[in-house]
Amino acid sequence: MVTVSVLGPFRVVVDGRAVPLTTGRLRTLLSGLAMSAGRAVSMDQLTRVVWGEEPPADPRRSLQTYAVRLRQALGGHGVEAAPEGLLLRAEPDDVDALRFARLLDAAGRTADPAAEKVLLGEALALWRGDPFDGVASDWLHRTEGPRLLERYLTALERRVDLDIRAGAPEALAAELERLTARHPLRESLWVRLLRVLDRRGRTAEALERYEAVRRRIADELGADPSPELRRLHTELLAGRPARCAAPVVVPRQLPSDIGWFAGRRAALTAVDQQWAARRAGTAPGIAVVTGTPGVGKSTLAIRWAHRVAADFPDGQLYANLRGFEPHGDPARPDQVIRGFLVGLGVSPRDLPSDLDGLRAAYRALTEGKRLLVVLDNASDSAQVRPLLTGSTGGFVVVTSRNSLTGLIVSEGAQPVPLAVLPIEEARELLGNRVDRMAAGAARDAVDEIVRLCSGLPLALAITAARAATHPDAPVEALSAELRDTHSRLDLLDSGDEATSARAVFSWSYAAVGPAAARLFRLLGLHPGPDVSVLAAASLAGRSVRHTHHQLAELTAAHLVTETAPGRYALHDLLAIYAAELAEQYDTETERRDARRRLLDHYLHSGYAAARTLNPNRRTVVRLPLPADGVSVVALEDLHAALDWFAAEHAALMAIVRVAAEHGYGGHAWQLSWTMADYLDRQAYWHDWAPMQRVALAAAERDGDRRGQAHCHRALGVVQLKHRDGVNARSHLERALDLYGELADPTGLALTHGNIAHLAYVEDRWDEVISHLEQSLAHYRSTDRRGGQADALNDLGWSYAQLGDHRKGLRYCTQAVALYQELGDQHWEANAWDSLGSIHQRMMDHTQAVRCYRRALDLSERAGGNVLGTASTLTKLATSYRATGHVERAREAYTQAFQILSTLRHRDAEKVRAELRTLESRVA
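For clarity, every value in this text was computed on a predicted model and none was experimentally measured.

Glancing now at the overall build of the chain. When helices and strands are tallied, the chain shows 43 helices and 14 strands. Expressed as a percentage of its 923 residues, the buried residues of the chain come to 54%. Look at the contacts in the chain between residues 6 or more apart in sequence, and 67% of them connect residues 24 or more apart. With an accessible surface of roughly 38,400 Å², the chain has 51% of that area assigned to carbon and sulfur atoms.

Between helix α33 (residues 705-721) and helix α35 (residues 745-761), the shortest axis-to-axis distance is 11 Å and the interhelical angle comes to 20°. When the interaxial angle is binned, α33 and α35 end up roughly parallel. Crossing geometry of α33 relative to α35 is assigned as left-handed. Residues Arg713, Val717 and Leu720 of α33 pack against Leu750, Thr751, Asn754, His757, Leu758 and Val761 of α35. For the contact of α33 with α35, a count of residues per class yields five nonpolar, three polar and one charged.

The next point concerns the pairing of strand β7 (residues 286-290). Residues in a regular strand point their side chains to alternate faces of the sheet. Of all five residues that make up β7, five are buried, and the element is covered over most of its length. Of the two faces of β7, the one holding Ile286, Val288 and Thr290 and the one holding Ala287 and Val289 are both buried throughout. Bridge analysis of β7 against strand β10 (residues 395-400) gives five bridges, and the strand direction is parallel. Residue pairing in the sheet places Val289 in a bridge with Thr399 of β10. Across four bridges, β7 lies against strand β11 (residues 414-417) in parallel orientation. Its bridge partner being in β11, Ala287 is matched across the sheet by Gln414.

Attention now goes to the environment of Arg370. Within the element layout of this structure, Arg370 appears in the loop between α15 (355-366) and β9 (372-378). Arg370 has contacts with Leu104, Ala107, Gly108, Glu116, Arg158, Asp311, Phe312, Pro313, Asp314, Gly315 and Gly393, leaving out every residue within four places of it along the chain. Within the local environment of Arg370, its side chain forms a polar contact with the side chain of Glu116, the two groups lying 3.3 Å apart.

Time to look at the environment of Pro529. Relative to the assigned elements, Pro529 resides in the loop between α25 (514-523) and β12 (531-532). We classify Pro529 as partly exposed; its relative accessible area is 22%. Between the C-alpha atoms of Pro529 and Pro330, which are 199 residues apart in sequence, the distance is 8.8 Å.

Attention shifts here to the pattern of salt bridges. Tallied over the entire structure, the rule returns 57 salt bridges. Notably, a salt bridge pairs Arg854 with Glu828, separated by 3.8 Å at the nearest N-O pair. Residue Arg854 is found in helix α40 (residues 845-861), and its partner Glu828 is found in helix α39 (residues 825-841); the two are separated by 26 residues along the sequence. Among the residues examined, Arg854 registers a relative accessible area of 30% and is labelled partly exposed. In this structure, a network of salt bridges that share partners links the residues Glu211, Arg214, Arg215, Glu887 and Arg890.

This next bit is on the confidence of the model for the chain. Considering every residue of the chain, the mean pLDDT works out to 84; 90% of them sit at 70 or more. The spread of mean pLDDT over the elements of the chain runs between helix α23 (residues 486-493), the lowest at 40, and helix α26 (residues 533-540), the highest at 96. In this model, residues 241-247 is a region of pLDDT below 50 whose contacts with residues beyond four sequence positions or in other chains number 22 contacts.

A few words now on the nonpolar core. Residues Phe520, Leu523, Leu554, Tyr602, Phe645 and Trp688 are the most contacted members of the largest nonpolar core, which totals 76 residues. Ranked by residues supplied to this core, first place goes to helix α30 (residues 638-661) with 13 residues. When residues no more than four places from it in sequence are discounted, the contact partners of Phe645 are Gly606, Ala609, Ala610, Leu613, Leu652, Thr674, Met675 and Tyr678. Ranked by size, the runner-up nonpolar core spans 74 residues in total, among them Val2, Val41, Tyr66 and Leu176.

Turning next to the side chain of Glu144. The residue Glu144 is located in helix α7 (residues 144-165) in this model. At 2.6 Å, the side chain of Glu144 and the side chain of Arg147 are in polar contact. With sequence-adjacent residues up to four places away left out, Glu144 is seen in contact with Met35, Phe132 and Trp139.

The next point concerns the pairing of strand β6 (residues 85-88). Two elements, strand β4 (residues 41-42) and β6, share two bridges in a ladder whose sense is antiparallel. Following the sheet pairing, Ser42 is matched in β6 by Gly85. Across four bridges, strand β5 (residues 79-82) lies against β6 in antiparallel orientation. Within β6, the position partnered with Val79 by the bridge is Leu88. Following β5, the chain reverses through two residues before pairing antiparallel with β6.

Moving on, we get to the sheet that holds strand β3 (residues 17-18). Backbone-to-backbone hydrogen bonds pair the strands of a sheet. The strands run either parallel or antiparallel. Here three strands make up an open sheet; going across it, the order is β1-β2-β3 and the pairing antiparallel. Looking along the sheet, the strands with just one partner apiece sit at the ends: β1 (2-5) and β3. Note that β1 and strand β2 (residues 11-14) share four bridges and pair antiparallel. The partner of Thr3 across the bridge, within β2, is Val13.

For the rest of this paragraph, the subject is the sheet that holds β10. The five strands lie next to each other as β8-β9-β10-β7-β11, forming an open sheet whose pairing is parallel. The open sheet has two edge strands with one neighbour each: β8 (316-320) and β11. On average, adjacent strands in this sheet sit at an angle of 15° to one another, irrespective of strand direction. Here β9 runs beside β10; their pairing, made up of five bridges, is parallel. If you follow Leu375 over to β10, its bridge partner there is Val398. The strands that helix α13 (residues 297-307) touches are β7, β8, β9 and β10; relative to β10, the one it contacts most, it runs at about 165°.

Moving on: helix α34 (residues 725-742). An α-helix turns once every 3.6 residues. As a result, residues three or four positions apart point the same way. Relative to the 26 Å expected for 18 residues at 1.5 Å per residue, α34 spans 25 Å between its end C-alpha atoms, a close match to the ideal helical length. Burial in α34 covers these residues: Ala728, Arg729, His731, Leu732, Ala735, Leu736, Leu738 and Tyr739. Looking at the packing, one finds that the buried side of α34 touches α32 (685-702), α33, α35 and α36 (765-781). Backbone geometry just after α34 places Ala743 at a positive phi near 55°.

Before going further, it helps to examine unusual backbone geometry. The phi angle at Arg264 is positive, at roughly 60°, despite the residue not being glycine. Here Arg264 lies in the loop between α11 (227-238) and α12 (265-280). Positive phi is not limited to glycine here, since Asp763 has a value of about 60°. Looking at the secondary structure, you find Asp763 in the loop between α35 and α36. The exposure class assigned to Asp763 is exposed, which follows from its relative accessible area of 56%.

Now for helix α38 (residues 805-822). Between its first and last C-alpha, α38 extends 26 Å over 18 residues, near the 26 Å set by a 1.5 Å rise per residue. Buried residues of α38: Gly808, Leu809, Tyr811, Cys812, Ala815, Val816, Leu818 and Tyr819, and no others. On its buried side, α38 packs onto α37 (785-801) and α39. Gly823 lies just past α38 and shows a positive phi near 70°.

About the criteria used
Residues numbered from 1 in each chain as written. Predicted model: local features only at pLDDT ≥ 70, side-chain atom pairs only at ≥ 80, totals over all residues. Heavy atoms only, no water. Helix = DSSP H or I, 4+ residues; strand = E, 2+ residues; numbered from the N terminus. Buried < 20%, exposed > 50% of the residue type's maximum accessible area, 1.4 Å probe, protein only. Contact = heavy atoms within 4.5 Å. Areas by Shrake-Rupley, 256 points an atom, 1.4 Å probe, with all protein chains shown as cover. Axes fitted to C-alpha atoms, helices over the stretch in contact; angles between N-to-C directions. Parallel < 35°, antiparallel > 145°, perpendicular 65-115°, else oblique. Left-handed = near helix turned anticlockwise from the far one by under 90°. Nonpolar A, V, L, I, M, F, W, Y, C, P; charged D, E, K, R; others polar. Pairing = 2+ DSSP bridges. Polar contact = N/O pair within 3.5 Å; in protein donor to acceptor, adjacent residues only side chain to side chain. Salt bridge = Lys/Arg side-chain N within 4 Å of Asp/Glu carboxyl O. pLDDT = per-residue confidence, 0-100. Core = buried A, V, L, I, M, F, W, Y, C linked by side-chain atoms within 4.5 Å. Expected span 1.5 Å × (residues − 1).

What follows is the structure, given as structure tokens:
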């Protein structure tokens, strides 16, 4: 028996005895054969292995000569001629590199962490040094060597991750020290080292190590650290424990498997083959399942995903992309990625605000992970592309009614088209749900059911469910019932997507009780991608407990799906059907009342969240009392409010439009008011502006002057964020006129303050001071102390810009005192930032540092303002640099740059330039 070891110094053993191969060509030839043990290797391939780009005049004859000598050296064992070339007569496990690959594949398939760790340990133990040490083959060192090394390092990292989950033993830090020393530019190893150091209470040391690797990457690669490494650095600086970072979270987002799945063997095999090709590195990891509605695309994708879940130990992500929803728009990629990042353990408060930033974070967090991603109901290729992980160990399954040709052409996705079920598989599906003996005895009736349902799996499944609700009825009776509903069956056979669903859904709907049926109908009025239990309870006007029971009944009947704990969604065609049933069975008054309760739920819940987020908000809207039967969310603290807004973001955007379209203009603009602070603090200005325009149009239709004033002011603010001064001024001046007509001093004060900000941007300082003084006067007329503090702070900062530092300090100090009396940490942070700016202008950098640090501390405690934090950090860095604290300056600049680059903000490059200037001066 011949065994060959290439994972380190070359070694060959025959029948338990080491055999020295003194000739380099023999070692190279044997290594090339060993990498395909048991399979023939062509002469052309062996020529590349042995000689590379400079073969001899007759390489075939030379190879045959070396093969004879190699066979003699091995005592007549191993090397044999084959029609295609030569082969090594050995089992794959007789070659350490092949055994190594087999063990890693087995580790990747198991869902048991303990078993995975054993397999990884056995594989890693085979590694003795650099691959092909002592083998003179440029080809092996260029191709097979790097591939093996990458698999080795990935396996090491996976085993380290398992150790971290088990508690990060002290020995792990020492091991990672050795690994990072050996592979100093592999940033994923540094991430793990820093995380382990932090877990062991060595955070300061972790920060020092980050700085060292950052410098090395900059010096040797001329680049910044990876997003994942920078994000971990930010967490360490902020004092958030690295043990809570996303890599330790294993998402399990797949919907429940369907027990009555049948057939689809060819399609399942096609996806299996694509996955096998992906693992072998010969094909992209994307399968696209396409077909008409109801043909079973989602069912097949979910069934396949559950079958192979063990192959993806890093978890499974799932999203319904709502490409063909009856209400609202398809899911935006940024919305989906936010859900994925949260599923991977990222806090909603730490999510980037734009698609590029989200995508960068998503790809960084999934890089190297063995993740399965199921993207259900895609509208087009453009919707899917941002959601592809790019991870070599991952796989993506997409379902869509469209062919997604662009994805197939540009990304190499494998199409898996589904047609209606053939008669044999349709019989199997029915037989799984209907008594098999009865079905077998009534073969003609079963075949008639298949024909009347056009072989559509969804129609067949719901038909079978109908039969299950009447277990004593013969199969012939079910087929006869189908024949009697000619109008519905005609629509089912027509091929029209919407009408085909209407017929089959009716039977499932009829099987649930009256209360669940009513809830199902009313869910068709909900415009969002999913619905919470509280929102569903409000729609129905019932208690939360009662609604839980009805949702459970609807889930059991497959009329709704629980997408996450306490959140439910309807399949797109089911939502159409539910809305049609509401039109048919519920009166206009009942539908109007249900819609009003839904709007009240979001308005009052949003108001509660807004006031929790900012208890000292300057404007307060007077809400109408909620209708009877409305459930309102209870929020414990600031973080609960932020999480609620994040979960309901898409629904809230849609519900504003519903309010406007159905004549609830007051709800529309008041809902937009509830979201303003959240959208502003998270820099979701791309959502804020269109929502505000819808609300303004609704207020104008109603002749609601107060609503118009609020909307014009909000639009002015968001246009100012976009630096569109012309439109900002137009909206703000209109708001000023309206508030004047309404004799609303608070509205006037706020708007004067906004116009002052615009005037500052336009460098009109006389106008800045004038509007701020008017703002202060209006606040004082109503004794609005928080507003007075705002105006004083802005006046102080403005006077300082004009060179009157003493007046600036006086006004800003008064503002701090007022904010402290009110307990308003968010705006107090702004005032401390202003004081820091004034001290900085006065060249008192020590005092400026104290003010800026106070501002950052307060801002973090108050829930943060991402852009404000970046601005304060940038100014803090300037003062640190002025006082000679170069390392602290670098840290502050780095944090500011990370925030701004994540937001894709135009100031990011300015901060990067400051960092480079700092580095050049230090060097």
